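A closer look at the structure
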Amino acid sequence: MLLNASCSKNGSSPSNNQSNNIITALTIIPGYTDTTGTLKALTASYFTNMGMAVTYGPMLGNVSYLATVKTNANIVTFGNELKEGSIVKNDGSYDYATADALYNICANNGLQVYGHTLVWHSQQNVTYLKGLITAAGTAQAATVIDAEMKRYITTTINHYANKIRAWDVVNEVISDNNGVMRSDANTTVSAANANSVFLYGQYLGTKYDQNNYVLKAFQYARLADPTVLRFINDYNLDYSRVKTDSLVALVSFINKNGAALVDGIGTQMHISINSNKDNIDYSFQALAATGLKIRISEMDIVTNTTKASGFTPDATALAAQAAMYKYVIQSYLKNVPFAQRYGITVWGVADTDSWLNSTASPDVPLLFDKNYAKKSTFSGFKQGLQ
């Protein structure tokens, strides 16, 4: 199953949906009944970082949400708050107020924060970026956008100096079109997304040379703070071997030409109950072969594979989902050496705040139900560790 979506979730994000279309489904099914323990305790001997994606609203105002995160995770990724479109204003000023407030909630509750994300094509302030081009003239577009990319990377990393110790420097740079770097030549921008999608590859270098904008982004990140870990993150690596190989080739180029600029690779793993297990194994093996740190960065598992509006998963689908969680965890532990395992982040907390659960297409992709009770998926995750 190709999940032709990314961690933008077309503008939605974990915790933003709070869908009223709550599926009434079995929470615990035979074969996946052991839900004892907490995620961070169960995973501690296998990898360091057990994460969840969160957003400001429920972390501030939902006691059960915060308690579930605090109990089960030791690190969190912000769903929206550190994306360029959430920080950059139309006049080019930077506003970190919401991100700072969320960071403080996390820090006060003993949670580390993983930085997501510095350079991406989605959820951008297109008004500001295109305004720079208009002011400078088309001939100077590359110079202007390169300077702004550097300014945003540098300012944001420095703003969270000694607070956020790892960042997605570049997100989703490989297109689904033959594994080439994303640009206007291979990415269609719909009218609905025109005000939030900005293709850096349209203006900056995508060839494998010193002008490559991904190479530059990692160089700028290292200059800003050489002590932070620098990751590249992408989706559908578990689906497309071509995309996996292309990302590995890009990372190899960057590290060959930039003195080990990339510390790690994130594979999002927005997958389904029908995902190809051989491709999952291949992806982990190929990524691990780089010798870099490997993380599962945005994991969730779809049961509503046809996107039906009146969907309720049956016991068979739920068993397949729990089994897929188990398989992914087993494959990660088997194929990624211990020293390279950065950790796993689940993309959301309860099913009701998942980007995959909507009125048009309800689903139950996560480890906790609407009441923040553990599900059989939690048991499947736990079994994968054993």
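Scoring rules and cut-offs
- Residues numbered from 1 in each chain as written.
- Predicted model: local features only at pLDDT ≥ 70, side-chain atom pairs only at ≥ 80, totals over all residues.
- Heavy atoms only, no water.
- Helix = DSSP H or I, 4+ residues; strand = E, 2+ residues; numbered from the N terminus.
- Rg over C-alpha atoms; globule rule 2.2 N^0.38 Å.
- Buried < 20%, exposed > 50% of the residue type's maximum accessible area, 1.4 Å probe, protein only.
- Core = buried A, V, L, I, M, F, W, Y, C linked by side-chain atoms within 4.5 Å.
- Contact = heavy atoms within 4.5 Å.
- Polar contact = N/O pair within 3.5 Å; in protein donor to acceptor, adjacent residues only side chain to side chain.
- Axes fitted to C-alpha atoms, helices over the stretch in contact; angles between N-to-C directions.
- Parallel < 35°, antiparallel > 145°, perpendicular 65-115°, else oblique.
- Left-handed = near helix turned anticlockwise from the far one by under 90°.
- Nonpolar A, V, L, I, M, F, W, Y, C, P; charged D, E, K, R; others polar.
- Salt bridge = Lys/Arg side-chain N within 4 Å of Asp/Glu carboxyl O.
- Expected span 1.5 Å × (residues − 1).
- Phe/Tyr/Trp six-rings, centres within 6.5 Å; stacked < 30°, edge-to-face > 60°.

If you tally the helices and strands in the protein chain, you get 12 helices and 9 strands. Since a compact globule built from 386 residues should have a radius of gyration of about 21 Å, the 20 Å found for the protein chain is in line with a globular shape. For the protein chain, the spread of C-alpha atoms along the principal axes amounts to about 65 × 40 × 40 Å. Taken over 386 residues, the protein chain has a buried fraction of 59%.

This part takes up the nonpolar core. Residues Met 59, Val 69, Val 214 and Ile 232 are the most contacted members of the largest nonpolar core, which totals 100 residues. Among the elements that make up this core, the one with the highest residue count is helix 8 (residues 213-224) (8 residues).

In terms of residue burial, helix 12 (residues 376-384) counts as a mostly covered element, since 9 of its 9 residues are buried. All of the buried residues along helix 12 are Ser 376, Thr 377, Phe 378, Ser 379, Gly 380, Phe 381, Lys 382, Gln 383 and Gly 384. Packing partners of the buried residues in helix 12 comprise helix 1 (39-43), strand 1 (49-54), helix 3 (63-72), helix 11 (315-335) and strand 9 (341-346).

To continue, consider the environment of Ser 376. Following the sequence through the fold, Ser 376 ends up in helix 12. Residue classification places Ser 376 among the buried residues on the basis of a relative accessible area of 4%. Separated by 58 residues in sequence, Ser 376 and Leu 318 place their C-alpha atoms 7.7 Å apart. Within the structure, Ser 376 has its side chain in polar contact with the backbone nitrogen of Ile 29 (distance 2.7 Å). A distance of 2.8 Å separates a polar side-chain atom of Ser 376 from the backbone oxygen of Tyr 32.

A separate point is the packing of helix 10 (residues 277-288) against helix 11. Packed helix pairs are specified by the crossing angle of their axes together with the interaxial distance, meaning the distance between the axes. Helix 11 packs onto helix 10 with a crossing angle of 30 degrees between their chain directions and a minimal axis gap of 9 Å. Classified by the angle between their axes, helix 10 and helix 11 sit roughly parallel to one another. Helix 11 is crossed by helix 10, and the crossing has right-handed handedness. The residues of helix 11 that touch helix 10, namely those facing Lys 277, Ile 280, Asp 281, Phe 284, Gln 285 and Ala 288, are Met 324, Tyr 327, Val 328, Ser 331, Tyr 332 and Asn 335. Across the contact of helix 10 with helix 11, the residue classes tally to 7 nonpolar, 3 polar and 2 charged.

With that settled, consider the pattern of salt bridges. In the structure shown here, the tally under the stated rule is 9 salt bridges. Taking the shortest distance from any N to any O, the salt bridge between Asp 176 and Lys 243 comes out at 2.9 Å. In this pair, Asp 176 sits in the loop between strand 4 (166-171) and helix 8 while Lys 243 sits in helix 9 (residues 241-258), placing the two residues 67 residues apart along the sequence. By relative accessible area, Asp 176 is classed as partly exposed at 36%.

What follows concerns the packing of helix 6 (residues 126-136) against helix 7 (residues 141-159). Where helix 6 contacts helix 7, the axes come no closer than 9 Å and their chain directions differ by 140 degrees. When the axes of helix 6 and helix 7 are compared, the pair comes out oblique. Relative to helix 7, helix 6 is oriented so that their crossing is right-handed. In this structure, helix 6 contributes Tyr 128, Leu 129, Leu 132, Ile 133 and Ala 136 to the contact, and helix 7 contributes Ala 141, Val 144, Ile 145, Glu 148 and Arg 151. Looking at the contact of helix 6 with helix 7 residue by residue, the class counts come to 8 nonpolar, no polar and 2 charged.

Turning to helix 7, a few remarks are in order. Its 19 residues place the ends of helix 7 27 Å apart at the C-alpha level, agreeing with the 27 Å of an ideal helix rising 1.5 Å per residue. Of the residues making up helix 7, those classed as buried are Ala 141, Val 144, Ile 145, Asp 146, Glu 148, Met 149, Tyr 152, Ile 153, Thr 156 and Ile 157. Among the structural elements, helix 4 (84-87), strand 3 (112-119), helix 6, strand 4 and helix 8 are those in contact with the buried residues of helix 7.

Tracing the chain through its elements places Leu 42 in helix 1. Excluding residues within four positions of it along the chain, Leu 42 makes contact with Thr 36, Gly 37, Phe 378, Lys 382 and Leu 385.

Inspection of the entire model under this criterion finds 16 aromatic pairs. On the numbers, 6.2 Å between centres and 85 degrees between planes, the contact of Tyr 94 with Tyr 96 is edge-to-face. Look at Tyr 96 and you get buried, because its relative accessible area is 7%. Pairing Tyr 114 with Phe 231 gives two aromatic rings, centres 5.7 Å apart and planes at 70 degrees, and the pair type is edge-to-face.

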